[in-house]
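# Topology and contacts: notes
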Amino acid sequence: MKRILTGLKPSGELTLGSLIGGIKQSIKYQNEYESFMFVPDLHAITVPQDAKILKERIKKNVALYIACGIDPKKNIIYIQSENLYHTNLSWILECNTYMGEASRMTQFKDKSSKGENVSVGLFTYPILMASDILLYDADYVPTGIDQKQHVELCRDLATRFNNKYGYTFKLPEPMIPETGAKIMDLQDPSKKMSKSEENPKGVILLLDDEKAIRKKIMSAVTDSDTKVYYDPENKPGISNLITIYASLKEINIKEVEKEFINSNYGTFKKAVADLVVEKLTDIQNKYNKLINSKEIDDILDKGRDITNKIAREKYEEVVKKVGLGR
Ligand code: TRP
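This report concerns the structure included in the present document. Values in this document were obtained by computation on a predicted structure and should not be read as measured data.

### Digging into the site of the ligand
Neighbouring the ligand are 14 residues; Gly7, Tyr125, Met129, Asp132 and Gln147 lie closest to it. Contact between the ligand and Tyr125: a nitrogen atom at 2.7 Å from a side-chain N or O atom of the residue. At 2.9 Å from a nitrogen atom of the ligand is found a side-chain nitrogen or oxygen belonging to Gln147. When the free accessible area of the ligand is taken as 360 Å², the share hidden by the protein chains comes to 91%. Contributing elements (two or more residues each) for the shell around the ligand: strand E1 (3–7) and helix H7 (120–134). The residue inventory of the shell around the ligand, partitioned by class, reads seven nonpolar, five polar and two charged.

### Some words on the pairing of E1
For a regular strand, side chains alternate in direction, first toward one face of the sheet and then toward the other. For E1, a buried count of four out of five residues is recorded, marking the element as mostly surrounded by other parts of the structure. Looking at chain direction, E1 and strand E2 (residues 34–39) are connected through five bridges and run parallel. Across the sheet, residue Leu5 finds its bridge partner in E2, namely Phe36. Running through helix H1 (residues 16–29), the crossover from E1 to the neighbouring parallel element E2 is right-handed.

### A closer look at the side chain of Asp231
By secondary structure assignment, the location of Asp231 is in the loop between helix H9 (210–218) and helix H10 (236–249). Buried Asp231, no salt bridge; nearest opposite-charge side chain is Lys235, N-O distance 7.1 Å.

### Points about helix H13 (residues 294–322)
Since the α-helix turns once every 3.6 residues, residues separated by three or four places project in the same direction. Here H13 contains 29 residues, and its C-alpha end-to-end distance of 41 Å stays within 8% of the 42 Å for a straight helix at 1.5 Å per residue. Its side-chain oxygen placed 3.3 Å from the backbone nitrogen of Glu295, Ser293 serves as the N-cap of H13.

### As for the environment of Ala63
Mapped onto the elements, Ala63 comes out in helix H3 (residues 51–68). Sequence-wise, Ala63 and Gln284 are 221 residues apart; in three dimensions their C-alpha atoms are separated by 9.8 Å. Not counting the four nearest positions on each side in its chain, Ala63 is found in contact with Tyr287, Leu290, Ile291 and Ile296.

### As for H7
In this model, H7 (15 residues) spans 22 Å end to end at C-alpha, consistent with the 21 Å of a helix rising 1.5 Å per residue. Of all the bends in H7, the largest measures some 40 degrees and sits at Pro126. Most of H7 is tucked away: 13 of the 15 residues are buried.

### Thoughts on the state of the cysteines
This model, assessed by the stated rule, comprises zero disulfides. Take Cys95: it sits in no disulfide, and the sulfur closest to it among the cysteines is that of Cys154, at 17 Å.

### Points about the nonpolar core
Within the largest apolar cluster, 56 residues are counted, with the highest numbers of intra-cluster contacts made by Leu16, Leu19, Ile217, Ile244, Phe268, Val276 and Leu280. The set of elements that each furnish at least two residues to this core consists of H1, E2, H3, strand E3 (75–79), H9, H10, helix H12 (265–291) and H13. Looking at this core element by element, the count peaks at 13 residues for H12. In contact with Leu16, other than residues within four places in its own chain, are Met193, Ile204, Leu206, Ile244, Leu248, Val276 and Leu280.

### Focus: the packing of aromatic side chains
Each pair of aromatic rings is reported with the distance of its centres and the angle of its planes. One pass over the structure, following the stated rule, counts 13 aromatic pairs. Geometrically, the ring pair formed by Tyr33 and Tyr140 is edge-to-face, given 5.8 Å between the ring centres and 70 degrees between the ring planes. You can see Tyr33 sitting in the loop between H1 and E2 and its partner Tyr140 sitting in strand E4 (residues 140–142), a full 107 residues away along the chain. A residue is classified by how much of its surface remains accessible, and Tyr33, at 16% relative accessible area, is buried. Ring geometry for Phe108 versus Phe123: centroids 4.7 Å apart, planes at 65 degrees, classification edge-to-face. One end of the pair, Phe108, is in helix H6 (residues 106–113); the other, Phe123, is in helix H7, with 15 residues separating them in the sequence. These aromatic residues form a ring-pair network of at least three members: Phe36, Phe38, Tyr78 and Tyr136. It is Lys235 that lies over the ring of Tyr229; its NZ or CZ is 4.7 Å from the centre.

Analysis parameters
Residues numbered from 1 in each chain as written. Predicted model: local features only at pLDDT ≥ 70, side-chain atom pairs only at ≥ 80, totals over all residues. Heavy atoms only, no water. Near = heavy atom within 4 Å. Polar contact = N/O pair within 3.5 Å; in protein donor to acceptor, adjacent residues only side chain to side chain. Areas by Shrake-Rupley, 256 points an atom, 1.4 Å probe, with all protein chains shown as cover. Helix = DSSP H or I, 4+ residues; strand = E, 2+ residues; numbered from the N terminus. Nonpolar A, V, L, I, M, F, W, Y, C, P; charged D, E, K, R; others polar. Buried < 20%, exposed > 50% of the residue type's maximum accessible area, 1.4 Å probe, protein only. Pairing = 2+ DSSP bridges. Right-handed = clockwise from strand over helix to strand, strands pointing away. Lys, Arg positive; Asp, Glu negative; His and termini not counted. Salt bridge = Lys/Arg side-chain N within 4 Å of Asp/Glu carboxyl O. Expected span 1.5 Å × (residues − 1). Contact = heavy atoms within 4.5 Å. Bend = angle between axes of the 7 residues up to and from the residue. Disulfide = S-S within 2.5 Å. Core = buried A, V, L, I, M, F, W, Y, C linked by side-chain atoms within 4.5 Å. Phe/Tyr/Trp six-rings, centres within 6.5 Å; stacked < 30°, edge-to-face > 60°. Lys NZ or Arg CZ within 6 Å of the ring centre and 35° of its normal.

This is the structure we're talking about:
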(Lines give C-alpha, C1' and ligand atoms only; values in the text may rest on other atoms or scores of the structure.)
Protein backbone atom coordinates (compact mmCIF):
# COMPACT_ATOMS: atom_id res chain seq x y z
CA MET A 1 0.00 0.00 0.00
CA LYS A 2 1.35 3.44 -0.91
CA ARG A 3 1.98 5.83 1.93
CA ILE A 4 0.64 9.38 2.20
CA LEU A 5 1.76 11.94 4.71
CA THR A 6 0.28 15.29 5.47
CA GLY A 7 0.64 18.03 8.04
CA LEU A 8 -2.25 20.04 9.43
CA LYS A 9 -0.86 23.29 10.74
CA PRO A 10 -2.58 24.38 13.97
CA SER A 11 -2.55 28.03 12.97
CA GLY A 12 -6.28 28.65 13.16
CA GLU A 13 -9.73 27.34 13.98
CA LEU A 14 -11.18 24.73 11.65
CA THR A 15 -14.06 25.92 9.48
CA LEU A 16 -16.77 24.47 7.29
CA GLY A 17 -14.34 25.23 4.44
CA SER A 18 -11.67 23.05 6.06
CA LEU A 19 -14.18 20.21 6.34
CA ILE A 20 -15.50 20.36 2.78
CA GLY A 21 -12.28 21.45 1.09
CA GLY A 22 -9.74 19.32 2.94
CA ILE A 23 -10.86 16.92 5.63
CA LYS A 24 -13.36 15.18 3.36
CA GLN A 25 -10.54 14.41 0.91
CA SER A 26 -8.45 12.89 3.68
CA ILE A 27 -11.36 10.72 4.74
CA LYS A 28 -11.40 9.31 1.22
CA TYR A 29 -7.64 8.77 1.14
CA GLN A 30 -7.59 6.85 4.42
CA ASN A 31 -9.19 3.89 2.69
CA GLU A 32 -6.76 3.88 -0.22
CA TYR A 33 -3.42 4.63 1.42
CA GLU A 34 -1.44 4.09 4.53
CA SER A 35 -1.93 7.53 6.09
CA PHE A 36 0.32 9.57 8.29
CA MET A 37 -1.27 12.74 9.66
CA PHE A 38 0.57 14.99 11.98
CA VAL A 39 0.28 18.38 13.61
CA PRO A 40 3.30 20.51 12.59
CA ASP A 41 3.27 22.60 15.72
CA LEU A 42 6.92 23.55 15.20
CA HIS A 43 5.91 25.11 11.92
CA ALA A 44 3.20 27.14 13.65
CA ILE A 45 5.75 29.03 15.76
CA THR A 46 7.60 30.41 12.74
CA VAL A 47 5.18 33.30 13.29
CA PRO A 48 4.21 34.60 16.75
CA GLN A 49 1.72 32.43 18.67
CA ASP A 50 0.08 32.73 22.06
CA ALA A 51 1.35 29.72 24.03
CA LYS A 52 -1.93 28.92 25.76
CA ILE A 53 -4.03 29.19 22.62
CA LEU A 54 -1.55 27.14 20.61
CA LYS A 55 -1.52 24.31 23.12
CA GLU A 56 -5.29 24.17 23.27
CA ARG A 57 -5.65 24.28 19.54
CA ILE A 58 -3.29 21.38 18.86
CA LYS A 59 -5.47 18.96 20.75
CA LYS A 60 -8.71 20.63 19.72
CA ASN A 61 -7.87 20.24 16.05
CA VAL A 62 -6.88 16.60 16.46
CA ALA A 63 -10.19 15.91 18.24
CA LEU A 64 -12.08 17.74 15.50
CA TYR A 65 -10.38 15.81 12.71
CA ILE A 66 -11.37 12.57 14.37
CA ALA A 67 -14.90 13.83 15.05
CA CYS A 68 -15.21 14.67 11.34
CA GLY A 69 -14.36 11.11 10.36
CA ILE A 70 -10.59 10.78 10.29
CA ASP A 71 -10.31 7.26 11.64
CA PRO A 72 -7.52 6.78 14.18
CA LYS A 73 -7.42 3.11 13.22
CA LYS A 74 -6.61 3.98 9.63
CA ASN A 75 -4.31 6.95 10.30
CA ILE A 76 -1.18 7.36 12.32
CA ILE A 77 -1.80 10.64 14.13
CA TYR A 78 1.04 12.41 15.92
CA ILE A 79 2.48 15.73 16.99
CA GLN A 80 5.67 16.95 15.34
CA SER A 81 7.29 18.40 18.47
CA GLU A 82 6.98 15.04 20.23
CA ASN A 83 9.46 13.56 17.80
CA LEU A 84 12.92 15.09 17.97
CA TYR A 85 14.12 13.40 14.79
CA HIS A 86 12.21 15.95 12.70
CA THR A 87 14.39 18.84 13.84
CA ASN A 88 17.56 16.75 13.93
CA LEU A 89 17.20 15.62 10.34
CA SER A 90 16.19 19.13 9.39
CA TRP A 91 19.57 20.43 10.55
CA ILE A 92 21.43 17.93 8.39
CA LEU A 93 19.27 18.85 5.41
CA GLU A 94 19.87 22.55 6.09
CA CYS A 95 23.57 21.93 5.76
CA ASN A 96 22.85 20.54 2.29
CA THR A 97 20.55 23.36 1.19
CA TYR A 98 21.77 26.43 -0.69
CA MET A 99 20.85 29.92 0.48
CA GLY A 100 19.62 30.65 -3.05
CA GLU A 101 17.08 27.84 -3.23
CA ALA A 102 15.76 28.52 0.27
CA SER A 103 15.44 32.23 -0.55
CA ARG A 104 13.23 31.42 -3.52
CA MET A 105 10.49 29.86 -1.40
CA THR A 106 7.47 32.14 -1.73
CA GLN A 107 6.28 32.16 1.86
CA PHE A 108 9.57 33.66 3.01
CA LYS A 109 9.98 35.81 -0.08
CA ASP A 110 6.53 37.38 0.24
CA LYS A 111 6.85 38.22 3.90
CA SER A 112 10.40 39.48 3.79
CA SER A 113 9.80 41.56 0.65
CA LYS A 114 6.95 43.33 2.46
CA GLY A 115 9.54 44.49 4.95
CA GLU A 116 7.98 42.33 7.66
CA ASN A 117 10.28 41.22 10.42
CA VAL A 118 10.62 37.53 9.63
CA SER A 119 12.26 34.86 11.75
CA VAL A 120 15.08 32.56 10.65
CA GLY A 121 12.58 29.77 11.33
CA LEU A 122 10.33 31.07 8.58
CA PHE A 123 13.31 30.93 6.25
CA THR A 124 14.15 27.31 7.09
CA TYR A 125 10.47 26.27 7.30
CA PRO A 126 10.49 24.33 4.01
CA ILE A 127 13.56 22.36 5.07
CA LEU A 128 11.86 21.19 8.25
CA MET A 129 8.91 20.25 6.07
CA ALA A 130 11.25 18.19 3.86
CA SER A 131 12.47 16.42 6.98
CA ASP A 132 8.86 15.69 8.05
CA ILE A 133 8.32 13.94 4.75
CA LEU A 134 11.64 12.18 4.17
CA LEU A 135 11.78 10.50 7.59
CA TYR A 136 8.84 8.32 6.63
CA ASP A 137 9.45 7.41 2.98
CA ALA A 138 6.14 8.99 1.97
CA ASP A 139 4.99 8.29 -1.59
CA TYR A 140 2.53 11.16 -1.77
CA VAL A 141 2.03 14.42 0.06
CA PRO A 142 -1.53 15.77 -0.19
CA THR A 143 -1.46 19.55 0.19
CA GLY A 144 -2.76 22.75 -1.23
CA ILE A 145 -1.23 24.17 -4.39
CA ASP A 146 0.65 26.73 -2.25
CA GLN A 147 2.73 23.91 -0.76
CA LYS A 148 3.74 22.34 -4.07
CA GLN A 149 6.95 24.34 -4.18
CA HIS A 150 7.95 22.95 -0.79
CA VAL A 151 7.43 19.37 -1.91
CA GLU A 152 9.58 20.12 -4.95
CA LEU A 153 12.34 21.46 -2.73
CA CYS A 154 11.99 18.30 -0.66
CA ARG A 155 12.58 16.19 -3.80
CA ASP A 156 15.62 18.28 -4.72
CA LEU A 157 17.12 17.85 -1.26
CA ALA A 158 16.43 14.12 -1.28
CA THR A 159 18.01 13.73 -4.70
CA ARG A 160 21.08 15.70 -3.65
CA PHE A 161 21.49 13.62 -0.51
CA ASN A 162 20.99 10.34 -2.37
CA ASN A 163 23.60 11.35 -4.96
CA LYS A 164 26.11 12.36 -2.36
CA TYR A 165 25.66 9.58 0.21
CA GLY A 166 23.92 6.76 -1.63
CA TYR A 167 20.21 5.98 -1.83
CA THR A 168 18.53 6.95 1.43
CA PHE A 169 15.33 8.89 0.77
CA LYS A 170 12.29 8.08 -1.31
CA LEU A 171 11.22 10.95 -3.59
CA PRO A 172 7.70 12.04 -2.63
CA GLU A 173 5.16 13.37 -5.08
CA PRO A 174 2.82 16.24 -4.32
CA MET A 175 -0.82 15.26 -4.49
CA ILE A 176 -2.97 18.27 -5.24
CA PRO A 177 -6.69 17.48 -5.10
CA GLU A 178 -8.15 18.40 -8.50
CA THR A 179 -11.65 19.34 -7.54
CA GLY A 180 -11.76 19.61 -3.77
CA ALA A 181 -14.78 21.87 -3.41
CA LYS A 182 -13.70 25.36 -2.49
CA ILE A 183 -15.98 27.06 0.02
CA MET A 184 -16.17 30.83 -0.13
CA ASP A 185 -16.75 33.45 2.54
CA LEU A 186 -20.49 33.95 3.19
CA GLN A 187 -20.15 37.74 3.29
CA ASP A 188 -17.68 38.06 0.41
CA PRO A 189 -18.03 35.08 -1.91
CA SER A 190 -15.10 36.28 -4.02
CA LYS A 191 -12.67 35.04 -1.39
CA LYS A 192 -12.08 31.74 0.31
CA MET A 193 -13.71 31.00 3.67
CA SER A 194 -10.70 31.44 5.88
CA LYS A 195 -10.07 30.74 9.52
CA SER A 196 -7.89 33.82 9.79
CA GLU A 197 -10.64 36.15 8.52
CA GLU A 198 -11.30 39.10 10.84
CA ASN A 199 -14.98 39.29 9.92
CA PRO A 200 -16.43 36.17 11.57
CA LYS A 201 -19.86 36.65 9.98
CA GLY A 202 -18.72 35.10 6.74
CA VAL A 203 -17.01 32.11 8.32
CA ILE A 204 -18.64 29.08 9.92
CA LEU A 205 -16.42 27.44 12.51
CA LEU A 206 -16.89 23.74 13.11
CA LEU A 207 -17.57 24.53 16.76
CA ASP A 208 -20.07 27.36 16.15
CA ASP A 209 -23.37 26.87 17.97
CA GLU A 210 -26.67 26.38 16.20
CA LYS A 211 -27.79 29.96 16.60
CA ALA A 212 -24.60 31.34 15.09
CA ILE A 213 -24.68 28.88 12.19
CA ARG A 214 -28.28 29.76 11.31
CA LYS A 215 -27.64 33.47 11.56
CA LYS A 216 -24.56 33.34 9.33
CA ILE A 217 -26.27 31.28 6.64
CA MET A 218 -29.54 33.24 6.68
CA SER A 219 -27.58 36.49 6.27
CA ALA A 220 -25.20 35.16 3.60
CA VAL A 221 -24.77 37.61 0.73
CA THR A 222 -26.68 36.59 -2.41
CA ASP A 223 -27.91 38.54 -5.46
CA SER A 224 -31.03 40.29 -6.71
CA ASP A 225 -32.23 37.34 -8.78
CA THR A 226 -34.72 34.93 -7.17
CA LYS A 227 -33.95 31.55 -8.70
CA VAL A 228 -31.68 28.92 -7.16
CA TYR A 229 -29.19 27.68 -9.75
CA TYR A 230 -25.43 27.30 -10.06
CA ASP A 231 -23.59 30.17 -11.74
CA PRO A 232 -20.46 31.05 -9.79
CA GLU A 233 -19.71 34.03 -12.00
CA ASN A 234 -23.01 35.87 -11.68
CA LYS A 235 -24.39 34.24 -8.55
CA PRO A 236 -21.34 33.55 -6.38
CA GLY A 237 -23.24 33.62 -3.07
CA ILE A 238 -25.99 31.22 -4.10
CA SER A 239 -23.50 29.00 -5.92
CA ASN A 240 -21.42 28.78 -2.75
CA LEU A 241 -24.47 27.69 -0.75
CA ILE A 242 -25.29 25.13 -3.44
CA THR A 243 -21.73 23.74 -3.17
CA ILE A 244 -22.04 23.49 0.60
CA TYR A 245 -25.39 21.71 0.36
CA ALA A 246 -24.27 19.33 -2.39
CA SER A 247 -21.09 18.44 -0.60
CA LEU A 248 -22.62 17.80 2.82
CA LYS A 249 -25.48 15.83 1.33
CA GLU A 250 -23.13 14.02 -1.06
CA ILE A 251 -25.22 14.75 -4.12
CA ASN A 252 -24.30 16.71 -7.23
CA ILE A 253 -25.04 20.30 -8.17
CA LYS A 254 -27.77 19.35 -10.66
CA GLU A 255 -29.64 17.45 -7.99
CA VAL A 256 -29.57 20.48 -5.71
CA GLU A 257 -30.88 22.70 -8.51
CA LYS A 258 -33.70 20.25 -9.11
CA GLU A 259 -34.60 20.02 -5.44
CA PHE A 260 -34.93 23.81 -5.17
CA ILE A 261 -36.31 24.63 -8.60
CA ASN A 262 -39.45 26.19 -7.14
CA SER A 263 -37.92 27.59 -3.96
CA ASN A 264 -37.09 31.15 -3.11
CA TYR A 265 -33.81 32.14 -1.48
CA GLY A 266 -35.29 32.12 2.03
CA THR A 267 -36.49 28.53 1.74
CA PHE A 268 -33.23 27.42 0.19
CA LYS A 269 -31.11 29.11 2.85
CA LYS A 270 -33.21 27.54 5.57
CA ALA A 271 -32.60 24.10 4.07
CA VAL A 272 -28.85 24.77 3.88
CA ALA A 273 -28.85 25.96 7.50
CA ASP A 274 -30.79 22.85 8.64
CA LEU A 275 -28.30 20.57 6.92
CA VAL A 276 -25.20 22.38 8.24
CA VAL A 277 -26.66 22.36 11.76
CA GLU A 278 -27.42 18.65 11.49
CA LYS A 279 -23.90 17.76 10.31
CA LEU A 280 -22.05 20.05 12.69
CA THR A 281 -24.13 19.00 15.70
CA ASP A 282 -23.14 15.43 15.00
CA ILE A 283 -19.46 16.41 14.73
CA GLN A 284 -19.68 18.52 17.90
CA ASN A 285 -21.25 15.67 19.89
CA LYS A 286 -18.37 13.41 18.91
CA TYR A 287 -15.89 16.19 19.62
CA ASN A 288 -17.27 16.83 23.10
CA LYS A 289 -16.91 13.17 23.99
CA LEU A 290 -13.33 13.11 22.76
CA ILE A 291 -11.73 16.36 23.80
CA ASN A 292 -11.21 15.56 27.46
CA SER A 293 -11.04 11.80 27.09
CA LYS A 294 -8.16 9.46 27.64
CA GLU A 295 -8.78 8.14 24.14
CA ILE A 296 -7.30 11.17 22.46
CA ASP A 297 -4.13 10.93 24.52
CA ASP A 298 -3.90 7.24 23.78
CA ILE A 299 -4.14 7.96 20.06
CA LEU A 300 -1.42 10.60 20.23
CA ASP A 301 0.82 8.45 22.45
CA LYS A 302 0.53 5.59 20.03
CA GLY A 303 1.30 7.88 17.10
CA ARG A 304 4.29 9.31 18.92
CA ASP A 305 5.70 5.87 19.71
CA ILE A 306 5.25 4.40 16.23
CA THR A 307 6.67 7.40 14.43
CA ASN A 308 9.63 7.78 16.78
CA LYS A 309 10.59 4.23 15.97
CA ILE A 310 10.34 4.73 12.20
CA ALA A 311 12.08 8.09 12.29
CA ARG A 312 14.88 6.85 14.48
CA GLU A 313 15.80 4.14 12.00
CA LYS A 314 15.96 6.59 9.14
CA TYR A 315 17.84 9.15 11.18
CA GLU A 316 20.46 6.65 12.31
CA GLU A 317 21.04 5.63 8.71
CA VAL A 318 21.57 9.29 7.82
CA VAL A 319 23.90 10.00 10.74
CA LYS A 320 26.03 7.04 9.78
CA LYS A 321 26.25 8.07 6.16
CA VAL A 322 27.11 11.65 7.00
CA GLY A 323 29.85 10.58 9.39
CA LEU A 324 28.48 12.01 12.62
CA GLY A 325 29.04 10.68 16.10
CA ARG A 326 31.35 7.87 17.08
N1 TRP B 1 3.48 23.62 5.40
C2 TRP B 1 2.25 22.90 5.48
C3 TRP B 1 1.09 23.91 5.43
O4 TRP B 1 1.27 25.05 5.72
C5 TRP B 1 2.17 22.08 6.72
C6 TRP B 1 3.21 21.03 6.74
C7 TRP B 1 4.32 20.98 7.51
C8 TRP B 1 3.21 19.86 5.93
N9 TRP B 1 5.02 19.86 7.25
C10 TRP B 1 4.38 19.15 6.28
C11 TRP B 1 2.35 19.38 4.94
C12 TRP B 1 4.71 17.95 5.65
C13 TRP B 1 2.67 18.17 4.33
C14 TRP B 1 3.84 17.48 4.68
O15 TRP B 1 -0.01 23.51 5.14
